[in-house]
Amino acid sequence: MQLIFEQSVPGRKGVMLPASDVPRAAALPEGLRRAEPAALPELSELDLVRHFTNLSRRNFSVDTHFYPLGSCTMKYNAKVLENAAGLFSPLHPLTALLPGGSDLCQGALGMLYDLGQMLADVTGMDEVTTQPLAGAHGEMTGMLLIAAYHKAKGNKKKYVVVPDSSHGTNPASAAMVGYEIITIPTALYGDMDLELFRQAMNNEVAAVMMTCPNTLGLFNPHIKEIADIAHSHDALMYYDGANLNAIMGKVRPGDVGFDVIHVNLHKTFGTPHGGGGPGSGPVGVKKALVPFLPMPRIVHDDDSGQLRVQTDSPQTIGRTANFFGNFGVMVKAYAYMIMLGREGLIEVSEQAVLNANYIKERLKDYFELPYQQTCMHEVVFSASRQLEHGVHAIDIAKFLIDKGYHPPTVYFPLIVKEAIMIEPTETESKQTLDAFIEVMIEAAKLAESDPTAFAAMPVSMPVTRLDETKAAREQNVCCVG
Amino acid sequence: MTSHYCPHTPQEIREMLDAIGVASIEELFVPIPPELLAKTFNLPPGRSEFETYARMQELAADNCSQLSLFIGGGFYDHLIPAAVDHLAGRAEFYTAYTPYQPECSQGTLQALFEYQTAICRLTGLEVSNASLYDGATALAEGALMALRATNRSKLLVDGCISPIARQVLATYLSNLEVEIVALPPLDGLLNRQELAAQLDGDTAALLVQYPNVFGCVEDFSPVAEQVHAAGGLLVTAVYPVALGMLTSPAEIGADIAVGDGQSLGNPLSFGGPSFGFIAAKKACIRNMPGRIVGETVDKNGQRGFVLTLQAREQHIKRHKATSNICSNQSLCALRGLIFLSALGKGGLAELAQLNRDKAEYAKSCLARIPGVTVLQSAPTFNEFTVSLPKAADQVVGALLAKGIVAGLPLGQYFEGSQNLMVVTVTEKRSRKEIDLLVKELEVALCN
C-alpha cells in the first residue's frame, strides 16, 4: 500500500476550518516563523478515510481474530466501554485545580475515587493512585515510592531483586530509579529458586519484584515465605500486576505480603490495547507508603461531603505524569468493573484459568511442556521437539497467521528455549479454543512430515516474512521527501 | 453463569474439566496454598450493559461540560474532525496490540511509520519514535536521552517550561545522580545571563519550551549555538499546533524535540489519554526510548514495516534498556496522524493562524480593561499572560460561576505571581465568547 504521503496532491484539503470572525493578526517576526509549512499529506476526506480503513484491514485484532498473546491478556473489550468514555471528553483537567473548580467535576473525581477503592479491594491494598499511564510506568512509580520510603527511614538501599522469569520492564523500571539489579534464577520446579533467593537477600535490598502467577503461568506457593524473608531485611515486596487476571477474588496480593502493586487496566480490566496503548497502570500501596503517593490526589472532604483535589503533601514523590492518569482508559475500566461486579470478576479468573489448562492438557502430547503442574491463566510450551526437525517457534507463529490466528507470544519468557506462551483469556468460547488446538496439532504434525514447508509462511498476508536486519541496518524510520 | 462475557455453558465447562481431568474449577486453584486464599472481596454485584451505561451517564452529568474554556496550560480545546473518531474507532486498530508479528500487523506498523514521518516533518528532525506516554514524560525521556548521549550529568532547565512538566522531570530524576539547575524566568523569558553563568563542560543539555508557560515565543537559535559550543544538546518542548506557524525545532538547531500530542485530535478527557512525541537528530537514534518502526522489504522485495532497533528496549536489554517503557499511546498517536493528515500542509498553517488571530484579538480587548496589563516581553501564539489588579484566583473563581474558565492563575506555580493569569484562545472560541469573557472580567474586576 502507498504511504499517505505518497498520495498527496498539492492544494488538496481534507477538512475545512471555520471562517475567522476576528481581524487577522500582524505577522510574527522573521526569526520566529517557520520557513516552510510542514510537508503534511494533502488529500480529500474520502481518500483519507479509505487509506486508514484499508490500513486497518491489514491488522489482526481481538475483534477479528483469536489473539492469545501470552502476558498481554487480549480479552474482548465490551463495546459499551467505548460509549462510556465519550461521555467525559470535554473536561479540562486543570478545571479541577481552580478555586471552586472541583465542584464542576464531581462526577469525574467520584469515578476516579471509586475506581481507586475498587482496585484497592481487588488487590488488598490500602490506597491507590491512578496517575501512572501504563504498567511499566506504574512499576517506576512503585520504585520511586519504595525509594522514598527507605529514604524517609534512613535505610541505605542499593539493590532490587527480580527473578529471571520477570518481565523486562521490572529490571528496567528499577534501573530508572537508580537501583542495581540482582537476578535470581528459576528452579526446576518453575519458581524463583528459594535457596538462591535466601542467599542473595541482604539489608541493602530495597525491594523484591515478583509476578505471581509468574510468566510461566505458575503460582508460587512460597510467596508468603518470600515476603517474610524480604520484610526481615526491610525490603518491600512489589507485585507486577500483569497477571492479575488469574487470581481475582482468589488471592489478594496485599493479604500475602505485597506492599506495592500496579495493575494493568488494559489487561485485567477489559480496556482495549490500542495497537500498543494507551494502557493505564494504577498503583496500590499499603499504609506505610501512603505519605509518598504522587500528587495530585483526590481526597474526600468529610465536612462538605465533596471530593477535593490535593496538590501537595510534605513527603510526596512529586508527579510521575500530568494529573489523574489516562482518565479515558479509567472510565472504561470502571464501567467494566461495575458491569461484571464481584461474581463476574471471580468468574473471569476462573474461566481464564480453565481455558489455559484446557489448552495445556490438549496440547501437551504435541509440544514440550517444560513445567507440568497446573497452570493459571497462561501456559508456556517449548517448540524444542519441533526444533529437532528444524522448525522454530517463530515458524509455528507464521503457520498460525496463515490459519487466521494471531500467534501466542514467542521467545518469552527468555528462560524457556523456543517458548510459546499462550494466554487464551476467559472471553473465548470452547469452539474457538478447540479450533485453535486442532491447528496447533496440525502444526506439530507438519513439523514432522514436511518441516521445510514453514520457511515460506506466511503466504496469506499482504507481506511475507520481513527482513529485520535490513530495517535495523538502514534505519529508515520516516519517509524522506 | 453470571455474565455473558464468559461464554461457556455449564455443559462445556464439564467437558473441559473432564478433558483436564479435574472435578471442579476449584481444583485448578490448588497450587494456591489455602491459607493464602482471599478472605474478603467486596465489590458490588454486576449489572447489564444498559444499567452500566446509565450509571456512567449519571457520573458524566455530575460534571459541568459546557464551560467556555480560556485555559490551556498544555491541554488545548481544539476542533477534531469527525474522521478521527471514526477511523481510530476501527476495532482492527484499537483491539490490536503492539505489532510483535509484523505480517499480520502491517496496518498498525505502516500507520506508525507514517506517524513518525509526520512528527519528523513537523519538527524538522530526522528520527521519531512511535510515541511516549505524554508531553511531560516525553520531556523527562528527552532529558534522559541527552544524559546518555553526552555521558554528562547536569541539566539546565528553563524556568519558563510548564511547571507541571518540570515536576515530572524532577520526579523522574529524583534518585539518579543528575544535577538539575533551574534557570529562573526573567520577564517571562529564558534568563540568558543565568544560562551563560551555568553552562559548562558538565552540561548535558539545556531544556526549553516554546511557546513557554507564559505564552511567550523567543528565538532560541543563538542559545542552540551557545549550548552546542559547550558540547551540550538543546532539548525543546513544543506545542505541535503552534508548529503550523513557528520555527521548527530543527530550524532553531535543537537536537531533541518533545511534546504532547493531545492537541492533535485527542479530546481533553480530563487530562488523558494523549500521547508524547520525541524526535531527534539521527545520531541520537540508538539512545531513543520506546518503540521505533522501520521500513524494510519482505522475501519478495515488497515494502513492509517492522519494529526495529529493539536491542535498545526492555524486553531484550532489561535493566540496560534506554527506557522501561513498553506500552505506549499508539492509538492516540494514530489519532494525531489522522488529524495531521486531515488538515494537511495548508490546514495546519491555517489552524495555527486562526489560533493566533483569536488570541491577538482577545489580547487587544483585555488590554483595554483598566488595570489589566499584558505581558509584552515577546510575541505569543495562542496564549498570553495578563496581570490583573487583584488576585487571579479570585477572578477566575468569579468567572467560573458564570461558566467561563478565564485562564490559568500562576500564583501557585511562581512566587509573587498571585495577580498573573495565562489566557488561552483556540480556534474554538468565537468572537462572541471572547467578548463575553472581556465583559465578565470587567465586571469581576469592578466588584
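Just so you know, these numbers come straight off a predicted model, no measurement behind them.

S.K.: Teacher, can you tell me more about the overall build of chain A here?
M.R.: Counting its regular elements, chain A contains 13 helices and 12 strands. Against the globule reference of 23 Å for 481 residues, chain A gives a C-alpha radius of gyration of 25 Å, in line with a compact fold. Here chain A holds 481 residues, and 67% of them are scored as buried. The long-range fraction of contacts in chain A, counting pairs at least 24 apart against all pairs at least 6 apart in sequence, stands at 71%. Of the roughly 15200 Å² of accessible surface on chain A, 50% is carried by carbon and sulfur atoms. Between the mean site of the 39 positive side-chain charges and the mean site of the 53 negative ones, chain A shows a separation of 3 Å.

S.K.: Honestly, the packing of aromatic side chains in this entry has me stumped. Any pointers?
M.R.: For any pair of aromatic rings, the description rests on two quantities: the centre-to-centre distance and the angle between the ring planes. Under the defined criterion, the tally for this structure stands at 19 aromatic pairs over all chains. Measuring from ring centre to ring centre gives 5.5 Å for A:Tyr405 and A:Phe436, while their planes differ by 65°; the resulting arrangement is edge-to-face. Here the residue A:Tyr405 occupies a position in the loop between helix 11 (393-402) and strand 11 (409-410), and A:Phe436 occupies one in helix 12 (residues 430-449), the gap between them amounting to 31 residues. Each member of the pair, A:Tyr405 as well as A:Phe436, carries the same accessibility label: buried. Between the aromatic rings of B:Tyr239 and B:Phe381, the centroid separation amounts to 5.8 Å while the plane-to-plane angle is 75°, which identifies the pairing as edge-to-face. Of the two residues, B:Tyr239 is situated in the loop between strand 6 (233-238) and helix 11 (249-252) and B:Phe381 in the loop between strand 11 (373-374) and strand 12 (383-387); the sequence distance between them amounts to 142 residues. Of the two residues examined, B:Tyr239 and B:Phe381, each falls in the buried class. Ring pairs connect the aromatic residues A:Phe88, A:Phe323, A:Phe324, A:Phe327, B:Phe75 and B:Phe270, which therefore count as one cluster.

S.K.: Would you mind going over the sheet that holds strand 11 of chain B with me for this structure?
M.R.: The pairing of strands in a sheet comes from backbone hydrogen bonds and takes either a parallel or an antiparallel form. Residues and elements named next belong to chain B. Read from one edge to the other, the open sheet built from 4 strands follows the order 11-12-15-14, with strand pairing classed as antiparallel. Each edge of the open sheet carries a strand with a single partner, namely strand 11 and strand 14 (408-409). Relative to strand 15 (residues 420-424), strand 14 runs antiparallel, the two sharing 2 bridges. Paired with Leu408 across the two strands is Val422, which belongs to strand 15. Strand contacts of helix 13 (residues 330-367): strand 11, strand 12 and strand 15, with the helix running at about 10° to strand 12, the strand carrying the most contacts.

S.K.: Would you explain the domain arrangement of chain B in this entry?
M.R.: For interface size, the figure often reported is the accessible area lost on association. All names here are of chain B. Examined at the domain level, chain B breaks down into domain 1 (10-53), domain 2 (68-77 + 352-446) and domain 3 (82-339). A C-alpha centroid distance of 29 Å is found between domain 2 and domain 3. Counting residues at the interface gives 23 residues for domain 2, matched by 23 residues for domain 3. At the junction of domain 2 and domain 3, the tally comes to 0 salt bridges. Scanning the region where domain 2 abuts domain 3 turns up 5 residue pairs in polar contact (both at pLDDT 80 or more). Those elements giving two or more residues to the side of domain 2 that touches domain 3 turn out to be helix 13 and strand 12. It is helix 13 that contributes the most residues to the side of domain 2 that touches domain 3, 4 residues altogether. A breakdown of the residues in the side of domain 2 that touches domain 3 according to their chemical character gives 13 nonpolar, 7 polar and 3 charged.

S.K.: Help me understand the environment of A:Lys151 in this model?
M.R.: As for its placement among the helices and strands, A:Lys151 is situated in helix 4 (residues 135-153). A residue is classified by how much of its surface remains accessible, and A:Lys151, at 55% relative accessible area, is exposed. When near neighbours in sequence (up to four residues on either side) are disregarded, A:Lys151 contacts B:Ser174 and B:Asn175.

S.K.: Is there a simple way to think about unusual backbone geometry in this case?
M.R.: For residues besides glycine, phi is generally negative; the peptide bonds are generally trans as well. Residue and element names in this part refer to chain A. With an omega dihedral of -5°, the bond running from Met295 to Pro296 counts as a cis peptide bond. Within the secondary structure, Pro296 is located in the loop between strand 7 (283-285) and strand 8 (297-300). Residue Glu418 is not a glycine yet carries a positive backbone phi of 50°. With relative accessibility at 10%, the residue Glu418 sits in the buried group.

S.K.: Would you mind going over the side chain of B:Asn324 with me for this structure?
M.R.: Locating B:Asn324 in the fold gives a position in the loop between helix 12 (314-317) and helix 13. Residue B:Asn324 is classed as buried on the basis of its relative accessible area, which comes to 2%. A polar contact of 3.0 Å, which involves the side chain of B:Asn324, links it to the backbone oxygen of A:Ala136. Engagement of the side chain of B:Asn324 in a polar contact is seen with the side chain of A:Ser173, the distance being 2.9 Å. When near neighbours in sequence (up to four residues on either side) are disregarded, B:Asn324 contacts A:Ala136, A:His137, A:Met140, A:Thr169, A:Ala172, A:Ser173, A:Met176 and B:Gln314.

S.K.: How do you make sense of empty space enclosed by the protein when you look at a structure like this?
M.R.: Which parts of space are left empty comes out when a probe the size of a water molecule is rolled across the atoms. Following the criterion strictly, the structure yields 8 cavities of 30 Å³ or more and no others. As for the largest cavity, its lining consists of 32 residues, and the residues nearest its centre are B:Gly73, B:Gly74, B:Ser162, B:Gln209 and B:Asp260. Put simply, the parts of the chain that give the lining of the largest cavity at least two residues each are helix 7 (135-150), helix 8 (163-173), strand 5 (203-210), strand 6 and strand 7 (256-260) of chain B. Class assignment for the residues of the lining of the largest cavity results in 20 nonpolar, 10 polar and 2 charged. Of the pockets and cavities examined, the second largest cavity occupies roughly 60 Å³. What lines the second largest cavity is A:Pro163, A:Ser165, A:Ser166, A:Asp191, A:Met192, A:Met210, A:Thr211, A:Asn214 and A:Asn220.

S.K.: Looking at this structure, I do not really get the pairing of strand 5 (residues 236-241) of chain A. What am I missing?
M.R.: In summary, the side chains of a regular strand alternate between the two faces of the sheet. Residues and elements named next belong to chain A. Buried residues dominate strand 5, accounting for 6 of its 6 residues. Going residue by residue along strand 5, you find Leu236, Tyr238 and Asp240 tucked away on one face and Met237, Tyr239 and Gly241 tucked away on the opposite face as well. Note that strand 4 (residues 205-210) and strand 5 share 4 bridges and pair parallel. Of the residues in strand 5, the one forming a bridge with Met210 is Tyr239. Crossover connection from strand 4 via helix 7 (residues 223-232) to parallel strand 5: handedness right-handed. Sheet analysis places strand 5 next to strand 6 (residues 260-263), joined by 4 bridges and oriented parallel. Of the residues in strand 6, the one forming a bridge with Asp240 is His262.

S.K.: Please clarify how the packing of helix 9 (residues 327-363) of chain A against helix 12 of chain A should be interpreted in this entry.
M.R.: Residue and element names in this part refer to chain A. As a packed pair, helix 9 and helix 12 sit with axes 10 Å apart at the nearest point and diverge in direction by 30°. As summarised for this structure, helix 9 and helix 12 are arranged roughly parallel, according to the angle between their axes. Handedness of the crossing formed by helix 9 with helix 12: right-handed. Residues Asn355, Tyr358, Ile359, Arg362 and Leu363 of helix 9 pack against Lys430, Leu433, Asp434, Phe436, Ile437, Glu438, Met440 and Ile441 of helix 12. Taken together, the residues of the contact of helix 9 with helix 12 break down into 8 nonpolar, 1 polar and 4 charged.

S.K.: What am I meant to see in the interface of chain A and chain B here?
M.R.: Contact with chain A, which involves 209 residues of that partner, is made by 188 residues of chain B. It is A:Arg34, A:Met176 and A:Val477 that lose the most area in chain A upon contact with chain B, and together they represent 5% of the buried surface on that side. Put simply, chain A and chain B have 5 salt bridges between them. The partner of B:Lys358 in a salt bridge is A:Asp21, and the shortest N-O contact between them spans 2.8 Å. Inspection of the region where chain A meets chain B yields 90 residue pairs in polar contact (both at pLDDT 80 or more).

S.K.: Help me understand the state of the cysteines in this model?
M.R.: Each disulfide consists of one covalent bond between the sulfur atoms belonging to two cysteines. Here the structure, examined in full by the defined rule, presents 0 disulfides over all chains. Of all cysteine sulfurs in the structure, the one in B:Cys120 sits closest to A:Cys478, which takes part in no disulfide; the separation is 3.7 Å.

S.K.: What am I meant to see in helix 3 (residues 106-123) of chain A here?
M.R.: Owing to its 3.6 residues per turn, the α-helix brings residues three or four apart onto one side. Across its 18 residues, helix 3 of chain A extends 25 Å between first and last C-alpha, which sits within 8% of the 26 Å expected from 1.5 Å per residue. Counting buried positions over the 18 residues of helix 3 of chain A gives 15, a clear majority of the element.

What counts as what
- Residues numbered from 1 in each chain as written.
- Chains lettered and ligands numbered in written order.
- Predicted model: local features only at pLDDT ≥ 70, side-chain atom pairs only at ≥ 80, totals over all residues.
- Heavy atoms only, no water.
- Helix = DSSP H or I, 4+ residues; strand = E, 2+ residues; numbered from the N terminus.
- Rg over C-alpha atoms; globule rule 2.2 N^0.38 Å.
- Buried < 20%, exposed > 50% of the residue type's maximum accessible area, 1.4 Å probe, protein only.
- Contact = heavy atoms within 4.5 Å.
- Areas by Shrake-Rupley, 256 points an atom, 1.4 Å probe, with all protein chains shown as cover.
- Lys, Arg positive; Asp, Glu negative; His and termini not counted.
- Charge placed at Lys NZ, Arg CZ, Asp CG, Glu CD.
- Phe/Tyr/Trp six-rings, centres within 6.5 Å; stacked < 30°, edge-to-face > 60°.
- Pairing = 2+ DSSP bridges.
- Axes fitted to C-alpha atoms, helices over the stretch in contact; angles between N-to-C directions.
- Domains from an automatic or database assignment.
- Salt bridge = Lys/Arg side-chain N within 4 Å of Asp/Glu carboxyl O.
- Polar contact = N/O pair within 3.5 Å; in protein donor to acceptor, adjacent residues only side chain to side chain.
- Nonpolar A, V, L, I, M, F, W, Y, C, P; charged D, E, K, R; others polar.
- 1 Å grid on protein atoms, 1.4 Å probe; cavity = no way out; pocket = protein on both sides within 12 Å on 5 of 7 lines; lining within 4 Å.
- Points joined across faces, edges and corners; volume = space filled by probe spheres on them.
- Right-handed = clockwise from strand over helix to strand, strands pointing away.
- Parallel < 35°, antiparallel > 145°, perpendicular 65-115°, else oblique.
- Left-handed = near helix turned anticlockwise from the far one by under 90°.
- Buried area = accessible area lost by both parts, 1.4 Å probe.
- Disulfide = S-S within 2.5 Å.
- Expected span 1.5 Å × (residues − 1).

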